[in-house]
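As a plain string of letters, each chain reads:
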Amino acid sequence: MTRLVWWLVCAFDGAHRRNGRLEWLALLLALIVPAQPLQAAATNWIGDDRATARLVTVVAATGSGSTVDAGLEIRLAPGWHTYWRSPGEAGLPPHIDWQDSTNLSHTEIAWPAPKRISIQGLQGYVYEDHVLLPIVLSLGRPGAPLALHAALTYGVCKEVCIPYSAHFDLALPAGVALADKEAALISAARAHVPAALAADGMSLLGVTVTPAKAGATLEIRLRSMDVRFGNPDLFVEGIPDVAPPQPVVVLSNSAHEARFSIPIAAATPRSVTDRPLRFTLVDGQRSSEFTTTPAPGAAGYAAATFLSVIGVALLGGLILNIMPCVLPVLSLKLLSVAEHVGAGQRQVRYGLLATAAGVLTSFALLASLLLALKASGNTIGWGIQFQWPWFVAAMATLTTLFAASLWDWLAIALPRWVYDAATAGPGAGQGHRPLTDSFLTGAFATLLATPCSAPFVGTAIGFALAQGPTEIIAVFMALGLGFALPYLTVAAVPKLARFLPRPGPWMNTLRKILGVALIATALWLLYVLASLSGLRVALESGGALAIALAVLAWRTRVAPAGAAIAIRSAPAILAAAAVLIPTLAGVAATRPAEAVGHWQPFDLQQIRQEVGEGKVVFVHVTADWCLTCKVNETTVLDREPVRSRLFGGGVIAVRADWTRPDPAVTAYLQSFGRYGVPFDAVYGPGQPDGMALPELLTPSLVTTTLDHAAAPRAAR
């Protein structure tokens, strides 16, 4: 009942009973003051028991604004559905004709996320049960009355499809715009309208189109920073006369990355890449929308870009030989070269080829491991094995045993058949020990050299890990070839070994010194283990290794016959215990991120907020096992003039720790196409999306990038 009716009833009732002036005054005011409904405006439902619709508005008067929020509400019987703005391969989506409306400039409909169904082999993008389409009505004259005349047509389907139509008339007078219960209904509907990717914590990695036998294949790669993907679906609009089918979805990186492959029949890559496409992602309660123009895919890079990446990988592997990460195993490399000095050309060649074979074997194993992890949906990256306590403990154990071998406390030998295969015949048994050591040196040096990235290594690995198995294997073998190139060069030209010092008594001294270097490497690995599993676990594992080393030293001098078996078995048992203890302990519980010195803890949402406020942010991603990170910190970030710039108040310095597995940090790295550390990025008014820096930093590089990011784009 409207206020007008209420006042009329009261006034006439009072006039009849008392003929009072007050009641007549109320009647007069009711006739003068415009009537306002007690609730938001809405039309009657129009339809039948299968489908019915109505038009509602948030307010009952136009108010003083230039827009009015409204909604088209459709209710459907169980089993019936209506259609999204793009119906799929068949269907009639809702359409409203606003002709003859008064004071209506234009309208904009927001479409909640649809559901995909298949009807007799045809794809349909639909709404079931109930839907409300939020509508923004723009007024020609703000504050003036609005008269709506809406002619609705839409299709409703079950086993059969029925076209529906309805006409709605709704008048909103001028006056105060007060919201009521319909406002909550429309607000709830807007919550189901897809948002921007960034608002849902997602980012677009790329959209490409590649040729296929029956047309083209559209590939979309998305990353979710915080929430894992569940069962995502992707709707594509903008391809003429094509309703793309349901995509094939592959999840990776612990379900934080999704790759959608959509076949586009009867289309060419060019017909798809020359126009912007609109994409709608639906994943449970999350939905996002973005528009982008696809780029040419595999056919565009297969011949040129892929070969250039292989060249980059070769160069990166070669540079990896001089990176700080290789310093712990420099002793192994020096020993490998020194042991071949003065030998015949054949022995030099075989020894160096064995070392190169060890390098290539390790890179092949790394590639196979990453392929297995990627196929199972786990996180992949360069050096991630140093996030596993068992691997770090195993490396510490092997390093200790190598030191004992250099001190002649332990004989390490490969099986005879491996040696025979490496020397191309069983008759070359004289060089068994040097050849074995050479192979193990190459394999072991590779495993210990992978904690950090190097120039060009990150680029090559970033390309490979975003592709398929063929690219991953090819790039990793190219990296291994580059890393082994010094050995292969000397093997090809053995005369180069003559420029090195001749072997002599100094070799024994070198072996002892290099053994000490390996023990230092083992201590460093135990420090990394303490960061992963805690100090107690590292001390227990280190204690087992220390006892094993002592037993090896003691048994070379004293070997009582009755205790021979126990003495021989003790080092192996202790070495196994040194690996088993961290394996059972696992990674210690992750501590909440906290400030470290002048560094702020890593929080991606906080970074976005600060960048949005126009601040300059420097993000440094590091790990305890990354020696190149420590070199960058010691020589650049903790020294002037960079230190003053980072911590002087004009820059927000953020530190992310990747020592332990952290999906948020991993997703952040991969949002820049990086799969390892060190990693540094700078944000600011001039670089709102962030600018990644090279692996090796210099003071001038950091300060120049900070200046560049601080300057607004318009000023630049």
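See above for the structure.
Only a predicted model underlies this, so the values are computations on that prediction, with no experimental measurement involved. (Residues numbered from 1 in each chain as written. Predicted model: local features only at pLDDT ≥ 70, side-chain atom pairs only at ≥ 80, totals over all residues. Heavy atoms only, no water.)

Caption draft 1: Seen up close, unusual backbone geometry. Pro641 follows Glu640 through a cis peptide bond whose omega is 5 degrees. Inspection of the secondary structure assignment puts Pro641 in the loop between helix 18 (627-637) and helix 19 (642-647). We note that Asn103 has phi near 65 degrees; this positive angle belongs to a residue other than glycine. Mapped onto the secondary structure, Asn103 falls in the loop between strand 5 (95-97) and strand 6 (104-109). A positive phi angle, near 60 degrees, is found at Asp408, a position not held by glycine. Looking at the secondary structure, you find Asp408 in the loop between helix 9 (389-406) and helix 10 (416-422). (Helix = DSSP H or I, 4+ residues; strand = E, 2+ residues; numbered from the N terminus.)

Caption draft 2: Quick peek at the pattern of salt bridges. Tallied over the entire structure, the rule returns 17 salt bridges. The residue Glu237 makes a salt bridge to Arg278 at a minimum N-O spacing of 3.6 Å. Of this pair, Glu237 sits in strand 14 (residues 233-237) while Arg278 sits in strand 17 (residues 277-283), placing them 41 residues apart in sequence. Judged by its relative accessible area of 31%, Arg278 is partly exposed. Within the structure, one salt-bridge network assembled from shared partners comprises Arg85, Glu237, Arg278 and Glu289. (Salt bridge = Lys/Arg side-chain N within 4 Å of Asp/Glu carboxyl O. Buried < 20%, exposed > 50% of the residue type's maximum accessible area, 1.4 Å probe, protein only.)

Caption draft 3: Structural context of the environment of Asp689. In this fold, Asp689 is placed in strand 24 (residues 687-692). A relative accessible area of 63% means that Asp689 is categorised as exposed. Expressed as a C-alpha distance, the spacing of Asp689 and Arg608, which sit 81 residues apart in the sequence, is 9.1 Å.

Caption draft 4: Spotlight on the sheet that holds strand 19 (residues 295-296). The sheet built from five strands is open, its strands ordered 15-16-13-12-19 with mixed pairing. With one partner strand each, in any of the chains shown, strand 15 (248-252) and strand 19 form the two edges of the open sheet. (Pairing = 2+ DSSP bridges.)

Caption draft 5: Expanded view of the packing of helix 9 against helix 15 (residues 535-555). Axis separation between helix 9 and helix 15 bottoms out at 11 Å; the angle between their running directions is 20 degrees. In terms of their interaxial angle, helix 9 and helix 15 are classed as roughly parallel. Crossing geometry of helix 9 relative to helix 15 is assigned as right-handed. Residue-level contacts link Ala393, Ala396, Thr397, Thr400, Leu401 and Ala404 of helix 9 to Ser541, Leu545, Leu549 and Leu552 of helix 15. (Axes fitted to C-alpha atoms, helices over the stretch in contact; angles between N-to-C directions. Parallel < 35°, antiparallel > 145°, perpendicular 65-115°, else oblique. Left-handed = near helix turned anticlockwise from the far one by under 90°. Contact = heavy atoms within 4.5 Å.)

Caption draft 6: Expanded view of empty space enclosed by the protein. Per the counting criterion, the structure on display carries five cavities of 30 Å³ or more. What lines the second largest cavity is simply Leu366, Leu369, Leu370, Leu373, Gly381, Trp382, Gly383, Ile384, Gln385, Trp388 and Thr450. (1 Å grid on protein atoms, 1.4 Å probe; cavity = no way out; pocket = protein on both sides within 12 Å on 5 of 7 lines; lining within 4 Å. Points joined across faces, edges and corners; volume = space filled by probe spheres on them.)

Caption draft 7: Molecular detail of helix 21 (residues 699-710). Taking 1.5 Å as the rise per residue, helix 21 with 12 residues should run 16 Å; its terminal C-alpha atoms sit 17 Å apart, in good agreement. For helix 21, the full list of buried residues reads Val702, Thr703, Thr705, Leu706 and Ala709. Looking straight down helix 21, one finds its buried side chains confined to an arc of 160 degrees; they lie on one side. Structurally, helix 21 contributes buried residues whose contacts are with strand 21 (617-622), helix 18, helix 19, strand 23 (679-684) and strand 24. (Expected span 1.5 Å × (residues − 1). Arc of directions from axis to C-beta.)

Caption draft 8: Representation of a nonpolar patch on the surface in the model. A cluster of nonpolar side chains, namely Leu315, Leu318, Phe456 and Leu485, defines an oily patch on the protein surface of about 300 Å² accessible area. Among the structural elements, Leu485 can be located in helix 13 (residues 469-492). (Patch = residues over 30% accessible without salt bridge, like charges linked within 9 Å, V, L, I, M, F, W, Y side chains within 5 Å. Areas by Shrake-Rupley, 256 points an atom, 1.4 Å probe, with all protein chains shown as cover.)

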